[in-house]
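Each chain, written out:
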Amino acid sequence: MKSLGQDIRYALAHFVKAPMFTLLAVLSLALGIGANTAIFSVIHAVLLKPLAYPEPDRLVRVWETFQHSGGTGRGSVSVPNLFDWRQQNSVFQQIAAYSNTTYALSGGERPQLVPGARVEPEMAQVVQVDPLKGRFFQSGENQAGKDQVVLLSYGLWERRFGSDPDIVGQSLSLDGVAHEIIGVMPATFQMPPRSDSELWTPLTYSEGQLNARGSHWLSVLARLKSEVTLERSQSEMSAIAARLAQAYPAAQDKRDVIVGSLHGSLTDSRREALWTLWAAVSIVLLIGCANVANLLLARAVGRRRELAVRAALGAGRARLARQLLTETFLLALGGGASGMVLSVVAVRVLSSLPGTSIPQGQVVGVNPAVLAFCLAASLLTALLAGLFPALRASRFDVGEALKERSSTDSAGSSRDWLRGGLVVAEVALAVVVLIGAGLLLKSYSRLLEVDSGIDVQRVLTLSVPLAGPRYDEAEELIAFYRRLENELPALPGVEAAGMINLLPLQNWGWNGNIVIEGMPEVPPSQQPLAETRTIAGDYFQTMGIPLLSGRMVGFGENEQRKVLMVNQAFAERFLEGQDPIGKRIAWDYPESDDGWMTIVGVVGDVRGAGLHRRPLAEMYFPFAQSVRRNMSLVLRTSLPPAGLAESVRRKVAEIDPEQPVYRVKVMEEVVDDSVAGRRFNTLLMGVFAAVALSLALGGVYGVLSYAIRRRTYELAVRMALGARRADVYRLVARGSLILAAVGIVIGVGAALWLTRFMESQLYSVRSDDPLTIVWVCLLLLTVAVAASLIPARRATRVDPLTALRSE
């Protein structure tokens, strides 16, 4: 320990004497370690940390499969199927359903819309999390008339009720109905997969829902029995689905069951992007290690006489290597501490950026696992950056080293190729990160060029969910929205106004199998599938969606015959060049003319499921024919949208003061939100690429500067014999370009293999896009030339006489 203390004091003294070297080394490592720690903290919270439930590995989600225009998907569950699963399975300890919803919470200045869920009492046995206060729902409270009870989240209890210890037994108004508060859930509790739930009420079923096997709307969680594997549960549930399909062919045709890990269902969509980002920051760390190794090798040349003196006084090679390694470990610990600070700042910045949408985002941050990772990364970095330079620097001939007159005449060709090899590795690694960033940037720019099908300029959107028993009947819903349709266009600054139940660019929406008049009879699984939208007012005019043929539908077109409009994608996919106007479609083969709906208009395509997906086949129904509780208002305005939003709020309050207005955005924000995740990944990869490029630039510059110092005598001779400055520039630039070219060739080869794993994150760009590769190569060559300018300029200023005299 005494000798270790001496090594540490000696190292610190050397750091004080070489502040620039110390700063560069610590900064190089801090950037790499900090970036890795920041990404690891997210990966740990999202992918590695167990969910906050007892035995979380036994929690699974259960879906029914369904067919949509993009293929086969995982969908919701019907009530009769849930009950059959509960009775027939032998793999689940308990199975329970829930349905995400929103509540209109009254009692403040204005109604507040609160996210939450309706859950079955059986959910208590599935999640096995006891309330912090009070109790969970009991059997019988999921019956109509007995369901006016509510559980609060910890956050809502703290924010709205000031953490009142006597909260249990109090009441609050949800959707205009008084509910008794029966409990408060712990701060860590979430009802997956929704992480923002604030309230939970019992899930009740109507008589119609109990018998509607074809109505799929439930989300299902289950807890596996202790001895049951995921594979066994999947096998049994598929067998149950097959039996149900045989018993109910009309409702269950081609439907299967999927059982998946709850943790996986929350993280699968983000897994690939996170691992890609971590691969990028790991490369940045490797470049930083190569940079520090280069600095250590260069510094060792200047310390050869010092090390030789210590060796002459009795220090063995192992003792010298330990001293050098101690210095590297101290540098790595300094880089790790600085990196930890950088990671904390980075995580806070990342959490504030749009597009993160990280599950359990509130637990991302510093914890023992993250600290342990940072320490381990620092120690590993010290070994990677310092072991070989230490062994190399401690191997020399003592007599020769003591006889050296300077550090510039005998550095050795072996050390030259070693430092050049490190620079080549830096350039190669930088090429990989730059190509990955270039592909994401090109993909993102291509996505922004996609025509969404709507004119987003000066369009305000707001959502109005009609809650409460007053709107249980269709007549009340129709009356409310018809009044809005009539009065919104009269607001100051409104040029056009309309409504739709699901805004474009946000989700798949509602869909169903349809029958086209005249088509041969086929089973449900082979029937065309189309998305459904409910519209009112001048929706198409407001959104700038063109009418291609036919006419628009009106709000109340349901009195004489059922009509609808379709988009161009619907006509092209299902009608094969026929005139759509007058064609009739139905949800199933109708027994009378009352079941047919007539197409009266065709409109342009809209990217309903996102800019990266092709337009879906869509059907638009007038409101009175397809009544919905939750509608989004769209208004084209000549005034600033913020002022108009308040006018709309007042108009809604005039009709019903208990109804909240939320999701107030301009359409530019809606489009921006739809690509926020891809923009976030592109931004991060771009930052990592910039750091990698800077470190590679520093590596090339450092090697060239060192080479110029070593070759001072040679360059002096050349200039004394008549070499011009341009010749010196070419000589230095040639060395830089050789290193860069070798690194680029290796890096491109590695990138062509690695970027294949990014294909799912790219839009309209191949992972081996040649233009991106060419631009990256040109950028690296330009950077290499730029890195050679300062050393070359320094070399041309050498006075031959002074240099020769000093030698």
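Up top is the structure these notes are about.
The rules behind each value
Residues numbered from 1 in each chain as written. Predicted model: local features only at pLDDT ≥ 70, side-chain atom pairs only at ≥ 80, totals over all residues. Heavy atoms only, no water. Patch = residues over 30% accessible without salt bridge, like charges linked within 9 Å, V, L, I, M, F, W, Y side chains within 5 Å. Areas by Shrake-Rupley, 256 points an atom, 1.4 Å probe, with all protein chains shown as cover. Salt bridge = Lys/Arg side-chain N within 4 Å of Asp/Glu carboxyl O. Helix = DSSP H or I, 4+ residues; strand = E, 2+ residues; numbered from the N terminus. Phe/Tyr/Trp six-rings, centres within 6.5 Å; stacked < 30°, edge-to-face > 60°. Buried < 20%, exposed > 50% of the residue type's maximum accessible area, 1.4 Å probe, protein only. Lys NZ or Arg CZ within 6 Å of the ring centre and 35° of its normal. Contact = heavy atoms within 4.5 Å. Axes fitted to C-alpha atoms, helices over the stretch in contact; angles between N-to-C directions. Parallel < 35°, antiparallel > 145°, perpendicular 65-115°, else oblique. Left-handed = near helix turned anticlockwise from the far one by under 90°. Polar contact = N/O pair within 3.5 Å; in protein donor to acceptor, adjacent residues only side chain to side chain. Nonpolar A, V, L, I, M, F, W, Y, C, P; charged D, E, K, R; others polar. Core = buried A, V, L, I, M, F, W, Y, C linked by side-chain atoms within 4.5 Å.

Chemist: Just give me the short version of a nonpolar patch on the surface, but keep the residues and values in it.
Modeler: Taken together, the side chains of Tyr701, Leu737, Val785, Leu789 and Ile790 define a hydrophobic patch exposed on the protein surface, amounting to about 390 Å² of accessible area. The element that contributes the greatest number of residues to the nonpolar patch is helix α23 (residues 770–796), accounting for three residues. Position of Val785 among the secondary structure elements: in helix α23.

Chemist: Hey, could you go over the packing of aromatic side chains for me, with residue numbers and the actual values?
Modeler: Applying the stated criterion across every chain, the model contains 18 aromatic pairs. Their ring planes at 10 degrees and their centres at 4.2 Å tell us that Phe40 and Phe373 sit as a pair that is stacked. A residue pair is termed long-range when its members are at least 10 positions apart, and Phe40 in helix α2 (residues 19–48) and Phe373 in helix α12 (residues 368–393) qualify at 333 residues. Taken as a pair, Phe40 and Phe373 share a single burial class, namely buried. Ring geometry for Phe570 versus Phe574: centroids 5.0 Å apart, planes at 90 degrees, classification edge-to-face. Of this pair, Phe570 and Phe574 both sit in helix α17 (residues 568–574), four residues apart, which is roughly one turn of the helix. Aromatic rings pair up to connect Phe40, Trp275, Trp278 and Phe373 into one cluster. The ring of Tyr248 is capped by Arg213, whose NZ or CZ atom sits 3.7 Å from the centre of that ring.

Chemist: Could you give an account of the environment of Ala740, naming the residues involved and the relevant values?
Modeler: Residue position: Ala740 is located in helix α22 (residues 725–754). Each C-alpha atom, one on Ala740 and one on Glu426, is 9.3 Å from the other, the two residues being 314 residues apart in sequence. When residues no more than four places from it in sequence are discounted, the contact partners of Ala740 are Val427, Leu781 and Ala784.

Chemist: Go over the packing of helix α3 (residues 79–88) against helix α7 (residues 230–247), please, and point to the residues and values.
Modeler: At a minimum axis distance of 11 Å, the contact between α3 and α7 shows a crossing angle of 125 degrees. On the basis of the axis angle, α3 is oblique to α7. Relative to α7, the crossing made by α3 is right-handed. Facing α3, whose interface residues are Asn81, Asp84, Trp85 and Gln88, α7 presents Glu236, Met237, Ile240, Arg243 and Leu244.

Chemist: Tell me about the side chain of Thr532, residues and numbers included.
Modeler: Mapped onto the elements of the fold, Thr532 is located in strand β17 (residues 529–537). Each residue touching Thr532, except ones within four places of it in the same chain, is listed here: Trp510, Asn511, Trp587, Met619, Phe621 and Arg628.

Chemist: I'd like a description of the environment of Asp769, backed by residues and values.
Modeler: Within the secondary structure layout, Asp769 lies in the loop between α22 and α23. Separated by 327 residues in sequence, Asp769 and Lys442 place their C-alpha atoms 9.6 Å apart. The contacts of Asp769, once residues within four sequence positions are left out, are Leu439 and Lys442.

Chemist: Explain the side chain of Arg533 to me, using residue names and the numbers behind them.
Modeler: Along the polypeptide, Arg533 turns up in strand β17. A polar contact is formed between the side chain of Arg533 and the side chain of Glu618, at a distance of 3.3 Å.

Chemist: Give me the pattern of salt bridges: which residues, what numbers.
Modeler: Pairing is possible between side chains of opposite charge, provided their charged atoms come close. Under the criterion given, the structure shown has 19 salt bridges. In this structure, Arg159 and Glu198 form a salt bridge, with 2.9 Å as the shortest nitrogen-oxygen distance. Taken together, the residues span a long stretch of sequence, with Arg159 in helix α5 (residues 154–161) and Glu198 in the loop between β9 (177–184) and β10 (199–202) at a distance of 39 residues. By relative accessible area, Arg159 is classed as exposed at 51%. Overall, the relative accessible area of 15% leaves Glu198 in the buried class. Among the salt bridges present, the one from Arg533 reaches Glu531, with a minimum N-O distance of 3.9 Å. Accessibility expressed as a relative area gives 3% for Arg533, which makes it buried. Ionic contacts of the salt-bridge type, sharing partners, join the residues Arg483, Glu487, Lys651 and Glu654 into one network.

Chemist: Kindly report on the packing of helix α15 (residues 474–487) against helix α18 (residues 641–655), identifying the contributing residues and their values.
Modeler: Between α15 and α18, the shortest axis-to-axis distance is 11 Å and the interhelical angle comes to 140 degrees. The angle between α15 and α18 places the two elements in the oblique class. α15 and α18 meet at a crossing whose hand is right-handed. Here α15 contributes Phe480, Arg483, Leu484 and Glu487 to the contact with α18, which in turn contributes Lys651, Val652, Glu654 and Ile655. Within the contact of α15 with α18, the residues separate by chemical class into four nonpolar, no polar and four charged.

Chemist: Give me the lowdown on the nonpolar core, citing residues and values where you can.
Modeler: Ile39, Val431, Ile435, Phe688 and Leu780 are the most contacted members of the largest nonpolar core, which has 75 residues in total. Among the elements that make up this core, the one with the highest residue count is helix α20 (residues 676–710) (13 residues). Look past the residues within four positions of Ile39 in its chain and what remains in contact with it is Leu274, Leu277, Trp278, Val281, Leu684 and Phe688.

In short, geometric facts, not functional conclusions.
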